[in-house]
Amino acid sequence: MFFDEVFDVIVIGAGHAGCEAASASARLGVETALVTINLDLIGQMSCNPAVGGIAKGHIVREIDALGGVIGKVIDRTGIQFRLLNRSRGPAVQSPRAQADRALYRTEMRRVLESTPNLLLRQGVVVRLIVENGSVVGVALEDDRRFGAKSVLIATGTFLNGKIHTGEKNYSAGRAGEPASIELAEDLKLHGFPVGRLKTGTPPRLDGRTIDWGAFERQPPDEKPVAFSFSTDVIDQTQIDCYIGYTSSALHDEIRANLSKSPLYSGKIKGIGPRYCPSIEDKVVKFAEKDRHQLFLEPEGHNTNEVYLNGFSTSLPAELQQNLLRMIDGFENVKIIRPGYAIEYDFVDPRELKPSLETTRLKGLFLAGQINGTTGYEEAACQGLVAGINAAFNVAGREPFRLRRDEAYIGVLIDDLIQHGVDEPYRIFTSRAEARLTLRHDNADERLSPKGQEAGLLTDSYWKRFCEKRDRVARLRNLLDETRFKRSDIEYSAVSQVLGKDLGDAFTLSQLAQRQGVSPELIKGLLPVPVRESFSATELETALADSLYSGYIRNLKAATERVNHNDSLKIPDGFRFNSVSGLSNEMKERLERARPQTFGQVKRISGLTPAALSTVLVHLTAQKAEKIGK
């Protein structure tokens, strides 16, 4: 068969999934082609120009620990870094950074273009070339044919994409870019079960027309927390973001115009993301609220464009303008780009192996929104895993995979391939049974050995990791061994600070488990000669291990209980709506499924570990009460 060019791996699409996949594949030593519709938009942030957030920041750290690129790129281009949930426990703290959108895109392309074995090609892929059940290449719209041993599809929202704004709708993969229609049809011809999902984006505003004094300033952290374990300092200039609110009058106006929303007129059939609803959805589903929070996020140092986070909408452009001017500070605001909704095809991820290779066609891998996920971070981690495995497929190596207890990436992939999706999937800390050990600060300790084994880590990164790992191990031993008795001066000082008796003696590890104990207090109790030999982040990691040690033991016991009650019957007429401690989403999923045993409860898609434990507690309590009678 004739091919214009032959590669080892072809990656289709240059969003976050495609960028991570192509980078990983090429750095593993196989010749890789990244094929995309427009090379000028590699790494384009289609929606919010930000990386990280709750659980998402954990995933970016995990990607970096394995040798991925997104963490390094955002560290070089971020313009507002914030550690979320700083006042809460370390397991749920997560880094987030606003990016300079244009600079981020430029830096991502620079990184890819400097990667050995990686070649960039512009074009539209319209068809897979298949022989004997294996993918052997792709055909392009311009009649070129590329051969490959592995093909990876990471097309984002481009598969049969359709944009909606009010009454108007048109085919597009993203505003101003064509949809991938023929490839979507080709996948259907190969028998892949295809569904329809929807996402949306808010209007972008002209910052010169905003009364900034009407909004609440949201400054960056004084000491930015980097995403990459190889980043020593964030030294680029940081910016302020701002917080505002909608009003009850605006909500009334939206309700009066719901017929103009394609969401409510029936034009949109795809299911949207539960946790990133449009402003229309918020007004309808949370009717009791008289205002919703908005975030004004500048898109870069050298642009006036402002992203209005929290106001995703597909209402007509003129109506968007009128609604915005009902918000204090937006009386004279002008829209640069209207918000819109986009529908697109996805493939049922239950078609995938843990390696993200399809079960229908050998050598074909899928990553990102084509698998039903939403978000740059969810896409990027799939791209990394799929890219590794596409390269491993060429080299004849055993597939690379991560377990649920090893990484949020493992949780995400397992959720997708085991349960599929009935709405765009988003990662949350509550989805992970082992979330107390899957912290953002220890992602390198969990995963860098796997990245090294795969072949993705540089020598300098690995050396740096080993030195840090050894320091943290020494610090843990020091916390376990440093002990103060009642007769020691330090004992009296700590007891006075905490206002509590501390028993006959305590170690620093035991002290770390008490409320009100700060890292600074622990550091002050360390031996003077070694006090300055550890960084603040290394101390926080060691202390978090001590803090959660008891919880982790309890979690293991709870997991064992959950895994040994599959035959427990659910009484007739049992109402999950009455179970306190369950979120509305969990109640909705349980009521819809109507399981008859706890084993069936465990197999319901999207149920969190916390929900499983809550249901089990109620069922066992009811059983005990019945026996007692």
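Refer to the preceding data block for the structure.
In this convention, every chain numbers its residues from 1, walking through the sequence in written order. In view of the model being predicted, local features appear only for residues whose pLDDT reaches at least 70, and side-chain atom pairs are presented and counted only at 80 or more, with totals across whole chains, interfaces and linings using the full set of residues. Excluding hydrogens and water, the side-chain values take into account all heavy atoms of the structure.

Visitor: Got a minute to help me understand the pairing of strand β17 (residues 241–245) in this structure?
Guide: On a regular strand, one side chain projects to one face of the sheet and the next to the other, so that they alternate. Each residue is assigned to one of three classes by its accessible area relative to the maximum for its type, calculated with a 1.4 Å probe on protein chains only: buried under 20%, partly exposed between the two thresholds, exposed over 50%. In this description a helix means any DSSP run of H or I spanning at least four residues, a strand means any run of E spanning at least two, and both kinds are numbered starting from the N terminus. Counting buried positions over the five residues of β17 gives four, a clear majority of the element. Two strands pair under a simple rule: DSSP has to find at least two bridges between them. As judged from the three bridges shared by strand β16 (residues 216–218) and β17, these two strands associate in the antiparallel manner. Bridging across to β17, Gln218 finds its partner in Cys241. Alignment of β17 against strand β18 (residues 293–298), held across four bridges, turns out to be antiparallel. When the bridges of β18 are listed, Tyr242 appears paired with Leu296.

Visitor: It is not clear to me how the sheet that holds strand β5 (residues 78–84) should be interpreted in this structure. Could you clarify?
Guide: One key point about sheets: their strands pair by backbone hydrogen bonds, in either a parallel or an antiparallel sense. Taken in spatial order, the three strands make up an open sheet running β4-β6-β5, and their pairing is antiparallel. For this open sheet the edge positions go to β4 (50–52) and β5, each flanked by a neighbour on one side alone. If you compare each strand with its neighbour and ignore which way they point, the axes differ by 15° on average. With six bridges joining them, β5 and strand β6 (residues 94–99) adopt antiparallel strand pairing. Across the sheet, the residue bridging to Gly78 is Ala99, located in β6. A fitted line through C-alpha atoms serves as each axis, taken over the contacting stretch for helices, and the angle formed by two N-to-C directions is quoted from 0 to 180°.

Visitor: Where do I start with the side chain of Thr32 in this structure?
Guide: With respect to the helices, strands and loops of the structure, Thr32 is situated in strand β3 (residues 32–36). Residue classification places Thr32 among the buried positions, given a relative accessible area of 0%. A polar contact of 3.4 Å, which involves the side chain of Thr32, links it to the backbone nitrogen of Ala26. The criterion used for residue contact is that any of the two residues' heavy atoms lie within 4.5 Å. Excluding anything up to four places from it in sequence, Thr32 contacts Val9, Val11, Ala22, Ser25, Ala26, Asn117, Leu118 and Leu119. Pairs of N or O atoms within 3.5 Å make up the polar contacts considered here, provided that, within protein, one atom can donate a hydrogen while the other can accept it, and that residues adjacent in sequence are counted only when both atoms are side-chain atoms.

Visitor: Would you take a moment to explain the side chain of Ser509 for this structure?
Guide: With respect to the helices and strands, Ser509 occurs in helix α15 (residues 508–512). A polar atom in the side chain of Ser509 sits 2.5 Å from the side chain of Asp480. Setting aside residues no more than four positions away along its own chain, Ser509 makes contact with Arg476, Leu479, Asp480 and Ser546.

Visitor: Is there a simple way to explain helix α9 (residues 317–324) in this structure?
Guide: Turn by turn, an α-helix covers 3.6 residues, leaving residues three or four places apart pointing in a common direction. When α9 is considered as a whole, its buried residues turn out to be Leu319, Gln320, Gln321, Leu323 and Leu324. Summarising the contacts, the buried residues of α9 are in contact with β12 (162–165), β15 (204–206), α6 (248–256), β19 (305–309) and β20 (335–337).

Visitor: So what exactly am I meant to see when it comes to helix α1 (residues 16–27) here?
Guide: Helix span, expected: 1.5 Å multiplied by one less than the number of residues in the helix. Here α1 spans 17 Å end to end across 12 residues, near enough to the 16 Å set by a 1.5 Å rise per residue. Counting buried positions along α1 yields 11 of 12 residues, so the element is predominantly enclosed. Within α1, the full set of buried residues consists of His16, Ala17, Gly18, Cys19, Glu20, Ala21, Ala22, Ser23, Ala24, Ser25 and Ala26. A positive backbone phi angle near 95° is found at Gly29, which sits one or two residues after α1.

Visitor: Is there a simple way to explain the pairing of β18 in this structure?
Guide: Where β18 and β19 come together, four bridges link them in antiparallel fashion. For Leu296, the partnering residue across the bridge sits in β19 and is Leu308.

Visitor: Got a minute to help me understand the packing of α1 against helix α10 (residues 376–395) in this structure?
Guide: Packed helix pairs are characterised by how far apart their axes lie and by the angle those axes make with each other. Interaxial distance between α1 and α10 falls to 7 Å at its minimum, and their mutual angle equals 30°. On the basis of their axis angle, the class for α1 and α10 is roughly parallel. Along this stretch, α1 crosses α10, giving a crossing that reads as right-handed. On the side of α1, the interface is formed by His16, Ala17, Glu20, Ala21, Ala24 and Ser25, while α10 contributes Tyr376, Ala379, Ala380, Gly383, Leu384, Gly387, Ile388 and Ala391. Here the word oblique covers every angle except those under 35 degrees (roughly parallel), over 145 (roughly antiparallel) and from 65 to 115 (roughly perpendicular). Rotating anticlockwise by less than a right angle from the far helix to the near helix defines a left-handed crossing, while the corresponding clockwise rotation defines a right-handed one.

Visitor: Which parts of the structure should I look at to understand the pattern of salt bridges?
Guide: Where charged atoms from two side chains of opposite charge approach closely, those side chains can pair. We define a salt bridge as a side-chain nitrogen of Lys or Arg found within 4 Å of a carboxyl oxygen belonging to Asp or Glu. On inspection of all chains with the given rule, the structure shows 53 salt bridges. A salt bridge links Lys468 to Asp444; its shortest N-O distance comes to 3.0 Å. Here Asp444 lies in helix α12 (residues 443–454) and Lys468 lies in helix α13 (residues 459–481), a separation of 24 residues in the sequence. Take Lys468 and Asp444: they sit in the same class, and that class is buried. One continuous salt-bridge network, built from bridges that share partners, spans Asp422, Glu423, Glu585, Glu588, Arg589 and Arg592.

Visitor: Teacher, can you tell me more about the packing of helix α2 (residues 56–66) against α10 here?
Guide: Contact geometry of α2 with α10 gives a least axis separation of 9 Å together with a crossing angle of 25°. On the basis of the axis angle, α2 is roughly parallel to α10. The crossing of α2 and α10 is left-handed. Together, Lys56, Ile59, Val60, Ile63 and Leu66 of α2 and Glu377, Glu378, Ala380, Cys381 and Leu384 of α10 make up the contact between the two elements. Classifying every residue of the contact of α2 with α10 by side-chain character gives seven nonpolar, no polar and three charged. When residue character is reported, Ala, Val, Leu, Ile, Met, Phe, Trp, Tyr, Cys and Pro are called nonpolar, Asp, Glu, Lys and Arg charged, and the others, Gly included, polar.

Visitor: Looking at this structure, how should I read the packing of aromatic side chains?
Guide: What describes a pair of aromatic rings is the distance from one ring centre to the other and the angle between the planes of the rings. Pairs were defined over the aromatic rings of Phe, Tyr and Trp, the Trp ring being its six-membered one, requiring ring centres within 6.5 Å. Orientation was assigned from the angle between planes: stacked under 30 degrees, edge-to-face over 60, tilted for the rest. Scanning all chains against the criterion turns up eight aromatic pairs. Where Phe81 meets Phe227, the ring centres are 6.4 Å apart and the plane angle is 50°; that geometry is what we call tilted. Taken together, the positions of Phe81 in strand β5 and Phe227 in the loop between β16 and β17 put the pair 146 residues apart, joining distant regions of the chain. Here the two residues Phe81 and Phe227 agree in accessibility, since each one is buried. Ring geometry for Phe484 against Phe506: centres 5.7 Å apart, planes inclined by 45°, an arrangement best described as tilted. Linking Phe484 in strand β23 (residues 483–485) with Phe506 in strand β24 (residues 505–507), this pair joins segments that are 22 residues apart in sequence. By the ring-pair criterion, three or more aromatic residues cluster together here, those being Phe484, Tyr491 and Phe506. Taking the ring centre of Phe286 as reference, the NZ or CZ of Lys289 above it sits at 5.8 Å. Whether a charge lies above a ring is judged from NZ of Lys or CZ of Arg, which has to be within 6 Å of the ring centre and within 35 degrees of the ring normal. Here the guanidinium or amino end of Arg431 rests over the ring plane of Tyr425, the centre of that ring lying 4.3 Å away.

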